[in-house]
Amino acid sequence: MFTVTNRICVKKGFSHKMAPAFIASKSLLNWDGFNKVEVNVCTQPEDHDEMNIMSYWDTLEQFEAWRTSDDFKAIHSRQASGRGESPVISNRVVISEIAGVLAK
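Everything quoted here is computed from the prediction, not taken from an experiment.

Engineer: Explain the sheet that holds strand S3 (residues 48–57) to me, please; I cannot follow it from the model alone.
Structural biologist: As a general point, the strands of a sheet are linked pairwise by backbone hydrogen bonds and lie either parallel or antiparallel. In spatial order, the strands read S2-S3-S1-S4; together these four strands make up an open sheet with antiparallel pairing. Each edge of the sheet is formed by a strand with only one pairing partner; in this case those strands are strand S2 (34–42) and strand S4 (88–97). Taken over all neighbouring pairs, the strand axes of this sheet differ in orientation by 15° on average, direction set aside. Two elements, strand S1 (residues 2–11) and S4, share nine bridges in a ladder whose sense is antiparallel. By the bridge assignment for S4, Thr3 is matched with Ser96. The sheet strands contacting helix H3 (residues 60–67) are S1, S3 and S4, and the helix crosses S3 at an angle near 115°.

Thresholds applied
Residues numbered from 1 in each chain as written. Predicted model: local features only at pLDDT ≥ 70, side-chain atom pairs only at ≥ 80, totals over all residues. Heavy atoms only, no water. Pairing = 2+ DSSP bridges. Helix = DSSP H or I, 4+ residues; strand = E, 2+ residues; numbered from the N terminus. Axes fitted to C-alpha atoms, helices over the stretch in contact; angles between N-to-C directions. Contact = heavy atoms within 4.5 Å.

This is a description of form; function is not addressed.
Right, dumping it as structure tokens:
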């Protein structure tokens, strides 16, 4: 299993406003290999908020199929439209393979 984490630094106070947009579209639920999305918010830095949007995929090929799909393009065009000046300071995508899990 793999995680794809979109690490986003945003202007202070914007993370909780932006968080619902990352789970609003249900089209991801129809994609083979998709398991879930988690949106984590950290407001501890003094000058900005941090968001980690983690999606869980069975394989990288399944993630890549979604990333090159019309569904992906539609979701990201909606997020960009009508927003005015973007609160995003920086963005980094990190792809990781899950090497171990301890769960209750």
